[in-house]
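The lines below spell out each chain.
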Amino acid sequence: MYYSTTALLVLLAGIVSAAVGDWQQCGGMNWAGETACNSGAGCVKINDYYSQCQPGAAPADPEPQPEPEPEPEPQPTEVTTGTPTATGAPSGTGPGKTLQSGYYWIRAVAAPNFHKYIQTKPLYSTGDALLGDYTTAGQFQVVDGQLLELVSAPGEPVKLLYAVVSETRSINDNSLAVTFSETKNTYGTFAFGGDDLEWSVAGVNRPNKSAWYVCTGQKLYINLGNYLYQTPAGCADQTIHYYNDKTANN
Ligand SMILES: *[C@@H]1O[C@H](CO)[C@@H](O)[C@H](O)[C@H]1NC(C)=O
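Here is what the cut-offs are and how they apply
Residues numbered from 1 in each chain as written. Predicted model: local features only at pLDDT ≥ 70, side-chain atom pairs only at ≥ 80, totals over all residues. Heavy atoms only, no water. Pairing = 2+ DSSP bridges. Helix = DSSP H or I, 4+ residues; strand = E, 2+ residues; numbered from the N terminus. Axes fitted to C-alpha atoms, helices over the stretch in contact; angles between N-to-C directions. Core = buried A, V, L, I, M, F, W, Y, C linked by side-chain atoms within 4.5 Å. Buried < 20%, exposed > 50% of the residue type's maximum accessible area, 1.4 Å probe, protein only. Contact = heavy atoms within 4.5 Å. UniProt positions renumbered as here; feature names shortened; annotations may be inferred. Disulfide = S-S within 2.5 Å. Polar contact = N/O pair within 3.5 Å; in protein donor to acceptor, adjacent residues only side chain to side chain.

Where an unreviewed UniProt entry is consulted, the protein chain appears under the name CBM1 domain-containing protein, with the organism given as Clathrospora elynae.

Reading across the sheet, the three strands line up as β1-β3-β2 and stay open at both edges, with antiparallel pairing between neighbours. The sheet is open, and its two borders are formed by β1 (25-27) and β2 (41-47), each paired with just one other strand. Along the sheet, successive strands turn relative to each other by an average axial angle of 45 degrees, direction set aside. Strand direction decides the pairing type here: β1 and strand β3 (residues 50-55), joined by two bridges, are antiparallel. Bridge pairing links G27 to S51 in β3.

Here is a general trend for soluble globular proteins: nonpolar side chains tend to be buried in one another's company. One finds I118, W199 and I240 to be the most contacted residues of the largest nonpolar core, which totals 28 residues. Residue assignment for this core shows that the elements contributing at least two residues are β4 (105-108), β6 (127-132), β9 (160-169), β10 (175-181), β12 (196-200), β13 (212-214), β14 (220-223) and β16 (240-243). Residues within four places of I240 in sequence aside, it is in contact with I106, R107, A108, I118, L131, D195, D196, L197, S210, W212 and L220. In terms of nonpolar packing, the next biggest core, distinct from the first, is built from eight residues, W105, Y117, A137 and Y243 among them.

On to the environment of N244, then. Within the element layout of this structure, N244 appears in the segment after β16. Distance in space between the C-alpha atoms of N244 and Q100 is 9.1 Å, their sequence separation being 144 residues. Beyond its immediate chain neighbours, meaning those up to four positions away, N244 contacts L99, Y103, Y104 and W105.

Okay, the UniProt feature "domain: CBM1" (unreviewed entry) in the protein chain next. Under the local residue numbering, the UniProt record ascribes the feature "domain: CBM1" (unreviewed entry) to residues 18-54. Secondary structure across residues 18-54 comprises 0% helix and 41% strand; the distance between its end C-alpha atoms is 16 Å.

Taken as a whole and judged by the stated rule, the model has three disulfides. Through a disulfide, C26 is tied to C43; the S-S separation comes to 1.9 Å. A torsion of 100 degrees about the S-S bond marks the disulfide between C26 and C43 as right-handed. On the criterion of sequence distance, the pair formed by C26 in strand β1 and C43 in strand β2 is long-range, its members being 17 residues apart. Across the pair, C43 and C26 agree in class, each one buried. What connects to what in the protein chain, once the bonded cysteines are numbered by sequence position, is 1-3, 2-4, 5-6.

To continue, consider the side chain of N185. Tracing the sequence through the fold places N185 in the loop between β10 and β11 (189-193). Owing to a relative accessible area of 5%, N185 belongs among the buried residues under this scheme. Of the polar contacts made by the side chain of N185, one reaches the backbone oxygen of G188; its length is 3.4 Å. Here N185 is in contact with Q146, Y162, A163, V164, V165, F190 and W199, once residues within four sequence places are set aside.

Below, the structure written as structure tokens:
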């Protein structure tokens, strides 16, 4: 068999014609020739009429890719806490079941609210102060006469709620409701005295600063009167005590 040199060149030209050589035209208006450059070269537009294969240039754009789907916005995860009584969305995720540094649990230690702990309803939110289950116990401190509840999670910016005492007497003439609020209490002063939580205000002479009522719905009230004397229906006399074990115990 014998091939002429010309025939061989034609054959080779046919094979290599699939790719445009470096620095050769690969595109442009009216260009009808090959458009694919050698591997390692890219087809670079010089002007509307002329594109050139340049070694090292990025290959011409492949098919345009669809825009990537935007990431879905992260949704706040629902807080699953143990209490069956809480309603509504918590305003904070809460500090969890491990006591944070500088805070205390506050609880009753006598029947009928033995080891029931101060918390809010809804949990970690503005609303009524009540004595509830140890699994949802709040964490508190007293600063400058304010009783503060920590409602943010560890590592989050600290968020605190203030215990606010109503100036209006409720249930009987000796009871003041307590709620938690984002604004400071302006009526009276909280204090840790002995191991009790106390509250006092100028002009009201309480026989026992540690006397509280826990009434219907576990709601917490200050008892301005004597402990265990003329207790209103639906209420129990309690003193409430702070302590700082690592966890709130049953
Ligand atoms: C307040 O009452 C409680 C419960 O009876 C009692 O333990 C405590 O000593 C009283 N505090 C004062 C200052 O009388």
